[in-house]
Amino acid sequence: MPSTPETILYEEHLSSNRTTALFAALSGIFIMLFFWVKNTSGILPVVFAVFAAIFFFYTLNYRSLRIRLTPEMLKLSFGIFTWTIPVANIASCCLDKLPKSLEYGGAGIHFFLHNQRYRVSLNFLEYPRLVIALKKKQGSVCDVSFSTRQPDKLLRLIQTLALNWE
């Protein structure tokens with residue numbers, strides 16, 4: 001299904017004030033802990049500084065998830081990280097139904113094993129997710145899940161595109 005490079009079938013920007021606030025609060029807590037113990041000997045000040053830096057990075061990086069679907073690919077961008085799925089590599093797409101222990105595993109980008117398939121998940125907790133099964137692994141990843149405000153609309157678009165590539 002050829003098109004011009006600028007053909008965008010779907011685009012969405014997701015953000016989460018809850019997630020940003022959580023990461024900012026954690027960053028602040030670790031900064032305060034660092035200043036509390038900075039004059040002590042040992043590794044504790046370094047540990048607190050590292051955690052403060054990590055959560056500060058999370059605060060900045062995981063503010064927005066950008067979803068862009070073209071006739072050739074689905075592109076998911078979470079801050080400086082981007083995952084691109086060629087439409088030709090989509091085997092199936094459906095709503096993501098996970099056990100609660102995995103569903104609430106955190107916001108951001110996560111890698112985990114589910115049903116013997118390695119998965120990357122780009123998500124915010126308060127939005128529903130779609131999961132795409134890949135025809136051919138990307139690295140060791142077999143499935144890609146991601147949050148969206150409009151799962152039904154995006155699901156129909158992806159399924160229609162994937163069918164046209166078969």
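Preceding block: the structure.
Note that this is a predicted model, so its numbers are computed, not measured.

(A) Looking closely at the pattern of salt bridges. Going through the model one piece at a time under the given rule, you end up with 7 salt bridges. We note a salt bridge from E11 to R66, for which the minimum N-O separation is 2.8 Å. Of the two residues, E11 sits in strand β1 (residues 10–15) while R66 sits in strand β2 (residues 64–69), which places them 55 residues apart along the sequence. Given the relative accessible area of 30%, R66 is considered partly exposed.

(B) Highlighting the environment of T20. Relative to the helices and strands, T20 is located in helix α1 (residues 17–37). Taking the C-alpha atoms as reference points, T20 and A107, 87 residues apart in sequence, are found 9.7 Å from one another. Contact partners of T20, with chain neighbours within four places excluded, come to T59 and R63.

(C) Spatial organisation of unusual backbone geometry. Within the chain, N115 stands out as a residue other than glycine whose phi angle is a positive 55°. Note that N115 resides in the loop between β6 (108–114) and β7 (117–123). When its relative accessible area of 61% is taken as the criterion, N115 is described as exposed. Here Q116, not a glycine, exhibits a phi torsion of approximately 65°, which is positive. Relative to the assigned elements, Q116 resides in the loop between β6 and β7.

(D) Here's a closer look at a nonpolar patch on the surface. Among the surface-exposed residues, I43, V46, V50, F51 and I54 lie close enough to one another that they form a single nonpolar patch of about 430 Å² accessible area. On the secondary structure map, F51 appears in helix α2 (residues 44–61). The partly exposed category is assigned to F51, whose relative accessible area is 36%.

Rules used in this analysis
Each chain has its residues counted from 1, following the order in which its sequence is written. Residues qualify for local features only when their pLDDT is at least 70, as the model is predicted, and side-chain atom pairs are given and counted only at 80 or more; totals for whole chains, interfaces and linings, by contrast, use all residues. Values shown for side chains rest on all heavy atoms present in the structure; no hydrogens or waters enter the calculation. When a carboxyl oxygen of Asp or Glu is within 4 Å of a side-chain nitrogen of Lys or Arg, the pair counts as a salt bridge. The helix count covers DSSP runs of H or I at least four residues long, the strand count covers runs of E at least two residues long, and both are numbered beginning at the N terminus. Residue burial is assigned from relative accessible area. The probe radius is 1.4 Å, only protein chains are included, and a residue is buried under 20% of its type maximum, exposed over 50%, and partly exposed in between. Residue contacts are counted whenever heavy atoms from the two residues lie within 4.5 Å of one another. Exposure above 30% relative accessible area and the absence of a salt bridge qualify a residue for a patch, where like charges join within 9 Å and nonpolar side chains (Val, Leu, Ile, Met, Phe, Trp, Tyr) within 5 Å. Here the open area of atoms and residues is found with the Shrake-Rupley method and a 1.4 Å probe, where only the protein chains shown may cover a residue.

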